[in-house]
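So you can see what is in the structure, the chains are spelled out below.
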Amino acid sequence: MTDQQIIDETISFIRTTLANAEGGHDWWHINRVHTNAKHIAATEDCDILTVELAALLHDIADSKFHNGDEEMGPRIAGDFLRMLNIDEDIITHVQQIIRHISFKSGFDKVSFQSPELFIVQDADRLDAIGAIGIARAFSYGGFKGREIYNPEIAPNLNMTKEEYKNTTAPTLNHFYEKLLLLKDKMNTATGKKIAEQRHAFMLIYLEQFYMECK
């Protein structure tokens, strides 16, 4: 099986598995992250097959939709890739990327790093900011039944990992608790450059939001 055939099989698996996913974590989110990852990878020294597979499989079973089970995603990804007879070293690497890609993993002590993780992490973070990031934030907030904005509830800038995972705060707080922090957490030069523009757009959006609230 060629690398392209592997990618095509993975895309088919993802599209079927996430057919009914929440709008911010659906196939089109995966597609954008995959596109971002390939764009960033073109400027980095990396294993492109690992990057593409991790980008495609990174949200195959996001823990927040599966009772907080952070091993379900790596397990499903591993089972699928073994069906394709992928090299075990690549499978393990992809699983490690899935385990460490999320924002909440940053609350833990760093236990894994690789150029491929940095690329896929940047690609995923880019989809969490800018116009798309705003849309995804409010999509998920609506999915969870959260308030859009409540000036009586201040953002919590010193959350623990458990507090972050279990927050029920208004969606606008999420900008300060995560989205506006991502620009300075980018790993690659390409990711940082794209993030600057998307971050600036979020600031413009917030300025307009507060003006309209007045």
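Whatever comes next refers back to the structure up there.
Residues numbered from 1 in each chain as written. Predicted model: local features only at pLDDT ≥ 70, side-chain atom pairs only at ≥ 80, totals over all residues. Heavy atoms only, no water.

Peer 1: With reference to specific residues and values, describe the side chain of Gln121.
Peer 2: On the secondary structure map, Gln121 appears in helix 6 (residues 115–126). Polar side-chain contacts of Gln121 include one of 3.3 Å to the backbone oxygen of Ile101. The contacts of Gln121, once residues within four sequence positions are left out, are His100, Ile101 and Asn187. (Helix = DSSP H or I, 4+ residues; strand = E, 2+ residues; numbered from the N terminus. Polar contact = N/O pair within 3.5 Å; in protein donor to acceptor, adjacent residues only side chain to side chain. Contact = heavy atoms within 4.5 Å.)

Peer 1: Account for helix 1 (residues 3–17), with residues named and values stated.
Peer 2: Helix length check: helix 1, at 15 residues, gives a terminal C-alpha distance of 21 Å against a target of 21 Å (1.5 Å per residue), a fit within 8%. Buried positions along helix 1 lie against helix 2 (27–41), helix 3 (48–57) and helix 4 (72–83). (Expected span 1.5 Å × (residues − 1).)

Peer 1: Tell me about the environment of Asp87, and please be specific about residues and values.
Peer 2: Along the chain, Asp87 turns up in the loop between helix 4 and helix 5 (88–100). Separated by 22 residues in the primary sequence, Asp87 and Lys109 have C-alpha atoms spaced 28 Å apart. Within the local environment of Asp87, its side chain forms a polar contact with the backbone nitrogen of Asp89, the two atoms lying 2.9 Å apart.

Peer 1: Go over the pattern of salt bridges, please, and point to the residues and values.
Peer 2: All told, the structure shown has five salt bridges when counted by the stated rule. The salt bridge partner of Arg32 is Asp127, with a shortest N-O separation of 2.7 Å. Here Arg32 is found in helix 2, whereas its partner Asp127 is found in the loop between helix 6 and helix 7 (130–143), with 95 residues between them in sequence. Residue classification places Arg32 among the partly exposed positions, given a relative accessible area of 24%. Among the ionic pairs, Glu71 bridges to Arg99, the shortest N-O distance being 2.7 Å. Of this pair, Glu71 sits in the loop between helix 3 and helix 4 while Arg99 sits in helix 5, placing them 28 residues apart in sequence. It is possible to trace a salt-bridge network through shared partners that takes in Arg32, Asp127 and Arg136. (Salt bridge = Lys/Arg side-chain N within 4 Å of Asp/Glu carboxyl O. Buried < 20%, exposed > 50% of the residue type's maximum accessible area, 1.4 Å probe, protein only.)

Peer 1: Kindly report on the environment of Leu84, identifying the contributing residues and their values.
Peer 2: Within the element layout of this structure, Leu84 appears in the loop between helix 4 and helix 5. Between the C-alpha atom of Leu84 and that of Thr10, which follows or precedes it by 74 residues, the distance is 9.2 Å. Non-local contacts of Leu84, meaning those with residues more than four positions away in its chain, are made with Met1, Ile6, Glu9 and Thr10.

Peer 1: Describe the packing of aromatic side chains, listing the residues and the values that go with them.
Peer 2: Each pair of aromatic rings is reported with the distance of its centres and the angle of its planes. Per the stated rule, a full pass over the model turns up ten aromatic pairs. A ring pair is formed by Phe138 and Phe175, whose centres lie 6.0 Å apart and whose planes are at 45°; its orientation type is tilted. You can see Phe138 sitting in helix 7 and its partner Phe175 sitting in helix 9 (residues 171–177), a full 37 residues away along the chain. What makes Phe138 partly exposed here is its relative accessible area of 21%. According to the relative accessible area criterion, Phe175 is buried, its value standing at 0%. (Phe/Tyr/Trp six-rings, centres within 6.5 Å; stacked < 30°, edge-to-face > 60°.)

Peer 1: Explain helix 5 to me, using residue names and the numbers behind them.
Peer 2: Here helix 5 spans 18 Å end to end across 13 residues, near enough to the 18 Å set by a 1.5 Å rise per residue. Listing the buried residues of helix 5 in full gives Ile90, Ile91, His93, Val94, Gln95, Ile97, Ile98 and His100. Buried positions along helix 5 lie against helix 3, helix 4 and helix 6. In this structure Asp87 caps helix 5, since a side-chain oxygen of it lies 2.9 Å from the backbone nitrogen of Asp89.

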